[in-house]
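# Fold and contact review
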Amino acid sequence: MTSREWKTFASAGFGAALIVGLIGSAFADNMLKLTELSPNRADACFGRVYDAAHLKAHPKQKVTRIFFYYGHDPVSRPNEEPNANSDTSYNGFLTTTVRGAKAPEWAGGWCNHESEDGKSGPIRCGMDCDRTLASLKVDGKGRLILSDLSSDIYLDAGSEEELGAAEYDRQALGKEDDNFRLDPMPAATCKAEFARIDPIDPALGPPLRERLKPDQAFCYGRDYDAAHMSSHPDQLTQSIRVFRGPVELASFASAGDDANWPDGADIVVSVTTRQKGAKVTQTYSCQGEADQWRCAASSKTSNYSCDIAQKEIFLKRGANGAITLANPNSSLAIADLCSKAADGKTTSDDKVYRLEPMPQSACAP
């Protein structure tokens with residue numbers, strides 16, 4: 001598994017998690033449902049697809065498709081975060097497709113009236129760093145007028161200086177990409193448009209937090225044959241098991257909370273290495289994060305001379321019932337977690353494992 005592949009694995013879902021963190025935790029308590037956008041208090045959708053004649057007449061407009069969705073998050077994949085942490089507020093989500101692009105881009109923000117009472121006046125959708133997503137107004141025909149759309153809406157603050165003028169102009173929206181007049185559409189239309197951003201692979205199935213129950217044991221693993229080990233001389237792992245057994249179930253039953261599952265769930269990783277067939281075992285404590293479980297090494301079953309809480313592995317659902325374990329930063333006990341050999345990124349070929357379900361007996365201590 002290459003470092004580029006790991007970067008993709010580790011960051012999947014990060015944008016959605018970030019926007020939920022910003023607009024969910026910071027603003028959900030004060031969120032008002034804007035009846036102008038949603039008179040029946042249901043999710044609302046507005047959009048427009050521009051034809052060739054319009055685009056020919058407006059050569060400085062890059063946007064060919066634009067949709068604004070007011071409602072619950074239409075972007076995130078089925079995720080691993082506990083139901084108790086789910087965002088129930090109404091927010092604004094914008095997606096646009098520009099000329100020549102194969103997929104849309106998107107941004108999200110929190111929308112409120114700009115008035116002291118929060119119930120009247122212009123509607124502004126804000127973003128982090130005090131940026132504006134857009135200003136909104138509904139005309140007499142129920143169409144949404146979307147204005148104040150910055151050309152760098154999908155770029156980081158200060159990107160013009162970092163990218164240079166030519167690259168910034170290439171990535172930014174066009175000079176006529178503002179003051180859009182969008183028609184009301186069924187909510188399903190917007191959801192379908194947002195689904196084009198990063199299509200979900202149906203083979204992945206439900207999140208791990210739904211597939212793996214708080215009170216049920218599980219066992220996943222893989223045994224590598226001689227041919228594989230011969231072709232991967234830098235891989236130390238001959239056999240690996242990831243499981244929850246009676247001890248881990250009892251621990252969660254006494255101190256965990258089903259509503260916050262999988263936060264606080266202990267798992268055990270047992271690895272047999274090619275050096276004399278030595279078997280090493282380590283416990284990790286997990287929490288749901290975006291579309292993966294982040295699991296930190298725990299000292300519950302071992303004594304360490306250092307703080308191992310920063311030693312983390314990641315579990316993610318795989319196709320056809322499998323799971324993937326990522327070990328980007330030398331966090332498996334194939335090396336002493338407090339040694340220099342385990343300091344920094346994983347240098348051996350023990351970064352990512354694709355594991356299949358196994359009978360519980362295969363994970364017996």
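Located above this text is the structure these notes cover.
In what follows, the accompanying structure is described. Being a predicted model, the structure only gives us computed values, none of them experimental.

## Let's talk about the packing of aromatic side chains
Scanning the entire structure with this criterion turns up 6 aromatic pairs. Between the aromatic rings of Tyr 50 and Phe 180, the centroid separation amounts to 6.2 Å while the plane-to-plane angle is 55°, which identifies the pairing as tilted. One end of the pair, Tyr 50, is in the loop between strand S1 (44-49) and helix H3 (52-57); the other, Phe 180, is in strand S8 (residues 180-185), with 130 residues separating them in the sequence. The exposure class of Tyr 50 is buried, given its relative accessible area of 9%. For Phe 180, a relative accessible area of 2% puts it in the buried group. Ring centres of Phe 218 and Tyr 220 lie 5.8 Å apart, and the angle between their planes is 65°; on these two criteria the pair is classed as edge-to-face. Overall, Phe 218 belongs to the buried group, its relative accessible area being 7%. In textbook terms, an aromatic cluster arises when at least three aromatic residues are bridged by ring pairs, as seen for Phe 252, Trp 261 and Trp 293. Sitting over the face of the ring of Phe 252, Arg 244 holds its NZ or CZ atom 5.9 Å from the ring centroid.

## Description of the sheet that holds strand S16 (residues 352-357)
Overall, antiparallel pairing links the 8 strands, which are arranged S9-S10-S11-S12-S13-S14-S15-S16 in a closed barrel. Across the sheet, the mean angle separating the axes of adjacent strands is 30° when strand polarity is ignored. Relative to strand S11 (residues 265-273), strand S10 (residues 237-244) is paired through 6 bridges, and the arrangement is antiparallel. Bridge pairing in S11 links Val 242 to Val 269.

## Examining the state of the cysteines
Applying the stated rule across the entire model yields 4 disulfides. Between the sulfur atoms of Cys 111 and its disulfide partner Cys 125 the distance amounts to 2.0 Å. Looking down the S-S bond of the Cys 111 and Cys 125 bridge, the torsion is 105°, so its handedness is right-handed. Within this pair, whereas Cys 111 is found in strand S4 (residues 105-113), its partner Cys 125 is found in strand S5 (residues 123-126), the two being separated by 14 residues in sequence. For Cys 125, a relative accessible area of 0% translates into the label buried. At a sulfur-sulfur separation of 2.1 Å, the disulfide partner of Cys 286 is Cys 295. Its torsion about the S-S bond being 105°, the disulfide of Cys 286 and Cys 295 is classed as right-handed.

## Re the sheet that holds strand S7 (residues 144-147)
An order of S1-S2-S3-S4-S5-S6-S7-S8 is seen for the 8 strands of this closed barrel, with the pairing classed as antiparallel. Across the sheet, the mean angle from the axis of one strand to that of its neighbour is 30°, orientation sign disregarded. Bridge count for strand S3 (residues 91-98) against S4 is 5 bridges, and the pairing is antiparallel. Looking at S4, one finds that Gly 92 is bridged to Gly 109. Sitting on the sheet, helix H6 (residues 187-195) is in contact with S1, strand S2 (63-71), S3, S4 and S8, with an inclination near 120° to S2.

## Concerning unusual backbone geometry
Look at the link from Trp 261 to Pro 262: it is a cis peptide, with omega at 10°. Here Pro 262 lies in the loop between helix H9 (246-255) and S11. In this structure, Asn 320 takes a positive phi of about 55° despite not being glycine. Relative to the helices and strands, Asn 320 resides in the loop between strand S14 (312-317) and strand S15 (323-326). A residue is classified by how much of its surface remains accessible, and Asn 320, at 67% relative accessible area, is exposed. Although it is not a glycine, Ser 330 sits at a positive phi angle of roughly 45°.

## Looking at the environment of Thr 273
Topologically, Thr 273 is positioned in strand S11. Once the C-alpha coordinates of Thr 273 and Gln 238 are considered, the two residues, 35 residues apart in sequence, prove to be 5.2 Å apart. Those residues in contact with Thr 273, other than ones at most four positions away along the chain, are Leu 236, Gln 238, Ala 278 and Ile 334.

## Thoughts on the environment of Ser 151
Relative to the elements of secondary structure, Ser 151 occurs in the loop between S7 and helix H4 (159-163). On the basis of relative accessible area, Ser 151 is assigned to the partly exposed category, the value being 31%. In this structure, the C-alpha to C-alpha distance between Ser 151 and Gly 174, residues 23 residues apart in sequence, is 6.6 Å. With residues near it in sequence (within four places) discarded, Ser 151 still touches Tyr 168, Ala 172 and Leu 173.

## Points about the pairing of S16
Sheet analysis places strand S9 (residues 218-223) next to S16, joined by 2 bridges and oriented antiparallel. Its bridge partner lying in S16, Tyr 220 is registered against Pro 357. Sheet analysis places S15 next to S16, joined by 4 bridges and oriented antiparallel. From the neighbouring strand, Ala 326 faces S16, where its bridge partner is Val 352.

## Details of H6
Because each turn of an α-helix spans 3.6 residues, side chains separated by three or four positions in sequence point in the same direction. Among the residues of H6, Cys 190, Glu 193 and Phe 194 are the ones counted as buried. Across the axial projection of H6, the buried residues extend over an arc of 95°, all falling on one side. Where H6 is buried, its residues meet S1, S2, S3 and S4.

Reading the values: the criteria
- Counting restarts for each chain, with residues numbered from 1 along the sequence as it is written.
- Only residues with pLDDT of at least 70 are given local features in this predicted model, and only at 80 or more are side-chain atom pairs given and counted; all residues enter the totals for whole chains, interfaces and linings.
- Derived side-chain values reflect all non-hydrogen atoms in the structure, with water molecules and hydrogen atoms excluded from consideration.
- We call Phe, Tyr and Trp rings a pair once their centres come within 6.5 Å, taking the six-membered ring for Trp, and we label the pair stacked below 30 degrees between planes, edge-to-face above 60, and tilted otherwise.
- Helix and strand definitions here come from DSSP, where helices need a minimum of 4 consecutive H or I residues and strands a minimum of 2 consecutive E residues; each element is numbered from the N-terminal end.
- The buried label applies to any residue whose accessible area, calculated with a 1.4 Å probe on protein chains only, is under 20% of its type's maximum; exposed applies above 50%, and partly exposed to all values in between.
- When the NZ atom of lysine or the CZ atom of arginine is within 6 Å of a ring's centre and also within 35 degrees of its normal, the charge is said to sit over that ring.
- A strand pair is defined by DSSP finding two or more bridges across the two strands.
- Angles shown run from 0 to 180 degrees and are taken between the N-to-C directions of axes, each axis being a line fitted to C-alpha atoms and, for helices, limited to the stretch in contact.
- Throughout, a disulfide means two cysteine sulfur atoms within 2.5 Å of one another.
- Contact criterion: two residues are considered in contact whenever any of their non-hydrogen atoms come within 4.5 Å of each other.
- Think of it as the arc spanned by the lines of direction from the helix axis to the C-beta atoms.

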